[in-house]
Amino acid sequence: MVKETTWDPALAQIAKTWAKNCHFDHNPQLKSHKLHPNFDNLGENIWTGSLSLFSVFSAISNWYNEIQHYDFNTRRCKAVCGHYTQVVWADSYKVGCAVQFCPRVSGFDTLYNGAHFICDYGPGGNYPTWPYKRGATCSACHTNNTCLDNLCVNPQRDKVTRYYSTVYPSWPIYSRNRYTSLFLIVNPPIILLSVIITLWIKHKYPNLVLLE
């Protein structure tokens, strides 16, 4: 059974915030902090390389192509294959990704002007078991699931809720938050009111002179 993976804005926000650090390493807070309201454990894949070579398709294809290094019977990797196992992890059904342009990437000293692409998965995979069960397509889907494109689909489970507008990681957020939004909403009326008052005073008291 492999669940359909759908987009999650909160995971994308977490990926975006970490990508902005331009640091070639996994987010250390994924395991030690509850960053997401629905998942205690998150998985993460990272692709970093030349900006001219980057595309979402090529990055995810590179992760999936690690299948050649994975032995399903022994669950061992002949080379790096953890990106592949996370991509196909049966219980991961939400994903959010972000890419950051980085003039330099710490931990990747030979790269200049790179694309730093991160995908976070919920719930995370890559714990000591098989990434999926072998068998006929959709044969292990739960009774409240349907089979679509050879994946187990549950519209209720996959529905995006409104939590992503208020949930943020604990490190600095660079995107606009609710207080900035409130300022942008309130500030224009205040400016307009100030202009109206100023014009009214000038009209009412044309000879008024302000002393410094």
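Per-chain numbering applies: the sequence of each chain, read as written, is numbered from 1 onward. The predicted nature of this model means local features are confined to residues of pLDDT at least 70 and side-chain atom pairs, given and counted, to a pLDDT of 80 or more, with totals for whole chains, interfaces and linings taken over all residues. Hydrogens and waters are ignored; side-chain quantities use all the structure's heavy atoms.

Concerning the state of the cysteines
Phase 1: Our working definition of a disulfide is a cysteine sulfur pair at a distance within 2.5 Å. According to the stated counting rule, one finds five disulfides in the structure shown.
Phase 2: Disulfide pairing is shown between C77 and C81; the S-S distance is 1.7 Å.
Phase 3: Buried means the residue's accessible area, taken with a 1.4 Å probe over protein chains only, is under 20% of the maximum for its type, while exposed means over 50%, and partly exposed covers the values in between. Of the residues examined, C77 reaches a relative accessible area of 42% and is grouped as partly exposed.
Phase 4: Overall, C81 belongs to the buried group, its relative accessible area being 1%.
Phase 5: The cystine pairing of the chain, numbering bonded cysteines in sequence order, is 1-5, 2-3, 4-6, 7-9, 8-10.

So, the confidence of the model for the chain
Phase 1: With 75% of its residues at a pLDDT of 70 or more, the chain shows a mean pLDDT of 81.
Phase 2: Known as pLDDT, the predictor's per-residue confidence is scaled from 0 to 100. The contact definition used throughout considers only heavy atoms, calling two residues in contact when any of these lie within 4.5 Å. With pLDDT under 50 throughout, residues 171-192 is counted as low confidence; its partners more than four residues away or in other chains account for 19 contacts.

Points about the pattern of salt bridges
Phase 1: Note on definitions: salt bridges are taken to be side-chain nitrogens of Lys or Arg within 4 Å of carboxyl oxygens of Asp or Glu. Summed over all chains, the structure comprises one salt bridge.
Phase 2: Ionic pairing is found between K34 and D40, a salt bridge with its closest N-O pair at 3.0 Å.

Regarding unusual backbone geometry
Phase 1: Cis peptide bonds are those with omega within 30 degrees of zero, and the linkage from G122 to P123 qualifies with -15°.
Phase 2: By the secondary structure assignment, P123 is in the loop between β6 (108-122) and β7 (146-148).
Phase 3: Backbone geometry places N113, a non-glycine residue, at a positive phi of 50°. Counting from the N terminus, the helices are DSSP H or I runs at least four residues long and the strands are E runs at least two residues long.

Re the pairing of strand β5 (residues 94-105)
Phase 1: Here, any two strands with at least 2 DSSP bridges between them count as paired. Sheet topology note: the strand β1 (residues 6-7)/β5 ladder contains two bridges and is parallel. The partner of W7 across the bridge, within β5, is V95.
Phase 2: Two elements, β5 and β6, share 11 bridges in a ladder whose sense is antiparallel. What sits directly across from C97, in β6, is C119.
Phase 3: Hairpin remark: β5 followed by β6, antiparallel, with two residues in the connecting loop; positive phi at G107, about 90°.

With respect to the packing of aromatic side chains
Phase 1: Each Phe, Tyr or Trp ring (for Trp, its six-membered ring) is paired with any other whose centre lies within 6.5 Å, and the angle between the two planes then decides the class: stacked below 30 degrees, edge-to-face above 60, tilted in between. This model, assessed by the stated rule, comprises 11 aromatic pairs.
Phase 2: Consider the rings of Y70 and F72, whose centres lie 6.5 Å apart with planes at 85°: the pair is edge-to-face.
Phase 3: Overall, the relative accessible area of 13% leaves Y70 in the buried class.
Phase 4: The rings of Y64, Y70, F72, Y84, W130 and Y132 are connected pair by pair, giving a single aromatic cluster.
Phase 5: One Lys or Arg, R157, reaches over the ring of Y93 and ends 5.0 Å from the middle of that ring. We call a charge positioned above a ring when the Lys NZ or Arg CZ atom is no farther than 6 Å from the ring centre and deviates by at most 35 degrees from the ring normal.

Details of the pairing of strand β2 (residues 43-50)
Phase 1: In terms of burial, β2 is a largely internal element, seven of the eight residues being buried.
Phase 2: Two elements, β2 and β6, share eight bridges in a ladder whose sense is antiparallel. Directly across from G49, in β6, lies its bridge partner A115.

Considerations on helix α1 (residues 9-19)
Phase 1: Most of α1 is tucked away: nine of the 11 residues are buried.
Phase 2: For α1, every residue scored as buried is listed here: A10, L11, A12, Q13, I14, A15, T17, W18 and A19.
Phase 3: Buried positions along α1 lie against β1, α2 (29-32), β2, β5 and β6.
Phase 4: Counting of polar contacts relies on pairs of N or O atoms within 3.5 Å, with two restrictions inside protein: one atom must be capable of donating a hydrogen and the other of accepting it, and residues adjacent in sequence are counted only when both atoms are side-chain atoms. Regarding α1, its N-cap is D8, as a side-chain oxygen of that residue lies 3.1 Å from the backbone nitrogen of A10 further along.

A closer look at the layout of surface pockets
In this approach the atoms are scanned with a rolling probe the size of a water molecule, which exposes any empty space left behind.
Phase 1: Computed over the protein atoms alone on a 1 Å grid, cavities are sets of points where a 1.4 Å probe fits but cannot get out and pockets are open sets with protein on both sides within 12 Å along at least five of seven lines; a residue lines them when it has an atom within 4 Å of a point. Grid points are joined across faces, edges and corners, and a volume is the space filled by probe spheres set on the points. In this structure, the largest pocket encloses a volume near 540 Å³.
Phase 2: As for the largest pocket, its lining consists of 26 residues, of which V2, K3, V87, V88 and L151 are closest to the centre.
Phase 3: The set of elements that each furnish at least two residues to the lining of the largest pocket consists of α4 (82-87), β5 and β6.
Phase 4: Following the grouping adopted for this structure description, the nonpolar residues are Ala, Val, Leu, Ile, Met, Phe, Trp, Tyr, Cys and Pro, the charged ones are Asp, Glu, Lys and Arg, and the polar ones are all others, Gly among them. Here the lining of the largest pocket is built from residues that sort into 15 nonpolar, seven polar and four charged.

Examining the environment of C141
Phase 1: Within the secondary structure layout, C141 lies in the loop between β6 and β7.
Phase 2: A C-alpha to C-alpha distance of 8.4 Å links C141 and L151, two positions 10 residues apart in sequence.

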